[in-house]
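So you can see what is in the structure, the chains are spelled out below.
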Amino acid sequence: MKSPVHITVTGAAGNIGYALVFRIASGQMLGKDQPVILRLLEIPQSAAALSGIAMELEDCAFPLLQDIVLTDDLSVGFHDSNYAILVGAKPRTKDMQRSDLIADNAKIFAAQGRAINEHAARDIRVLVVGNPANSNALITAANAPNINRQHFTAMMRLDHNRAKTQVALKTRHPVADVKHMTVWGNHSSTQFPDLGHCLVGGTPAFDLVSRDWAEDYFIPAVQHRGTAIIEARGASSAASAANAAIDHMRDWVLGTKEDDWTSMAIPSDEGHYGVKEGLIFSYPVTCSNGQYHIVTGLEVDDDMQNKMNTTEQELSQERDIISDFLKLSN
Ligand code: NAX
């Protein structure tokens, strides 16, 4: 048996947290041979709900779950942490401007970045889920200068999975047939779900679906799927978001399938595909041996470039709003 790893989940008493922690504890994220210690970080107001979740985790008698630590103290939450899934964030309230939401959440992620820098394992891998996820990941990384920047990522896997299923439904293929999907850019409505390189059962997607369908239905449906779920369910995506977090971490650690890639928001520090450096931008990546690698050399036509520019511009604007939090003095 391997030695246990410490996994921090913030916002563990929230909707996504409730759908996530049981799956981690059961071994669906890191494998059935990897014991885990869960470090669940919440704010004091959610302590009672968190203790109830811990009781339920105990009642599952998961063989891989070696310990559960409940805390509202960042130094305890990130102590020796090998993996962190940062879900906890302030929700957007009625009449709140997006810029206010970004600034409010910036404080949370700056503090968590500093705690990671001080207390986590040096090779910690971080996935940011709490919105605005890409910019929050940028802040977290900036406040953890002693940790490899490449280990800070934001979640695009829900968008990626949504995109694959839309294509599967349209072409009447099983979703496992849909490969080489890419969702570029920001986890927001400017993201670019790209069918240009997508294969369905080995056939280029654009041999099976029209460009009009992609423009008029597919792209907006994926971009606005989160809103459609809120309208239908009266609550935002939770189980599918937790599932995407599991997929993201599992692929990062255990590897992507040999003939496929996934979408991950990662530092754009090498400027691949002409994206400005210093953003957390979603690219197509393959993963092996615990590392991700950008899929390079994909052809990008003018229309695709324009769509990538739009989402890049939005990320640059968000970066301007949070610029104070990217300096270490904060
Ligand atoms: P909930 O409001 O149900 O849960 C959030 C939890 O975070 C609460 O229990 C709260 O007490 C806790 N929390 C707040 N501030 C905290 C802090 N400073 N430290 C620790 N915990 C803290 O939201 P939920 O539906 O679980 O969504 C969580 C976040 O995920 C939101 O920001 C949401 O917008 C975002 N999402 C991101 C997605 C993505 O693909 N990147 C998709 C799903 C989701 O919308």
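Residues numbered from 1 in each chain as written. Predicted model: local features only at pLDDT ≥ 70, side-chain atom pairs only at ≥ 80, totals over all residues. Heavy atoms only, no water.

Draft legend 1. Looking closely at the site of the ligand. Taken together, 24 residues form the shell around the ligand, and within it N15, I16, E42, S46 and N131 come nearest. Within the side chain of E42, an N or O atom sits 2.6 Å from an oxygen atom of the ligand. When atoms are counted within 2 Å of each cavity's grid points, the one that captures over half of the ligand is the largest pocket. Taken together, the elements giving at least two residues each to the shell around the ligand come down to α1 (15-25) and α4 (98-119). Here the shell around the ligand spans two domains, since at least three of its residues come from each of domain 1 (5-154) and domain 2 (157-319). (Near = heavy atom within 4 Å. Polar contact = N/O pair within 3.5 Å; in protein donor to acceptor, adjacent residues only side chain to side chain. 1 Å grid on protein atoms, 1.4 Å probe; cavity = no way out; pocket = protein on both sides within 12 Å on 5 of 7 lines; lining within 4 Å. Sits in = over half its atoms within 2 Å of the grid points. Helix = DSSP H or I, 4+ residues; strand = E, 2+ residues; numbered from the N terminus. Domains from an automatic or database assignment.)

Draft legend 2. Summary view of the layout of surface pockets. In this structure, the largest pocket spans a volume of roughly 1,500 Å³. Lining the largest pocket are 49 residues, and of these K90, P91, G130, N131 and S236 sit closest to its centre. In terms of residue count, the dominant contributor to the lining of the largest pocket is α4 (six residues). Of the residues assigned to the lining of the largest pocket, the class counts are 18 nonpolar, 21 polar and ten charged. (Points joined across faces, edges and corners; volume = space filled by probe spheres on them. Nonpolar A, V, L, I, M, F, W, Y, C, P; charged D, E, K, R; others polar.)

Draft legend 3. How the structure looks around the packing of aromatic side chains. Counted under the stated rule, the structure contains eight aromatic pairs. With a centroid separation of 6.3 Å and an interplanar angle of 70 degrees, the aromatic rings of W184 and Y283 are classed as edge-to-face. You can see W184 sitting in strand β8 (residues 182-184) and its partner Y283 sitting in strand β13 (residues 280-288), a full 99 residues away along the chain. Through successive ring pairs, a cluster of aromatic residues spans W184, Y273, F281 and Y283. Sitting above the plane of the F206 ring, R211 keeps its charged end 3.8 Å from the centroid. (Phe/Tyr/Trp six-rings, centres within 6.5 Å; stacked < 30°, edge-to-face > 60°. Lys NZ or Arg CZ within 6 Å of the ring centre and 35° of its normal.)

Draft legend 4. Here's a closer look at the pattern of salt bridges. Tallied over the entire structure, the rule returns 14 salt bridges. For the salt bridge of D104 with K107, the shortest nitrogen-to-oxygen distance reads 3.8 Å. Separated by three residues within a single helix, D104 and K107 lie in helix α4, roughly one turn from each other. Here D159 ties to R162 by a salt bridge, and the two come within 3.8 Å at their closest N and O atoms. With D159 and R162 both in helix α6 (residues 157-171) and three residues apart, this pair spans about one turn of that helix. By the burial criterion, D159 is buried, and R162 matches it. Salt bridges linked by common partners bring R157, D247, R250 and D251 together as one network. (Salt bridge = Lys/Arg side-chain N within 4 Å of Asp/Glu carboxyl O. Buried < 20%, exposed > 50% of the residue type's maximum accessible area, 1.4 Å probe, protein only.)

Draft legend 5. How the structure looks around the nonpolar core. If you look at the biggest cluster of nonpolar residues, it comprises 98 residues, and the most contacted ones within it are I7, L57, I85, I116 and L195. For this core, the element with the most residues is helix α9 (residues 239-254), which contributes seven residues. Counting only domains with at least three residues in this core, you end up with domain 1 (5-154) and domain 2 (157-319). Those residues in contact with I116, other than ones at most four positions away along the chain, are F78, L86, R122, I124, V126, T140, A144, I147 and F152. (Core = buried A, V, L, I, M, F, W, Y, C linked by side-chain atoms within 4.5 Å. Contact = heavy atoms within 4.5 Å.)

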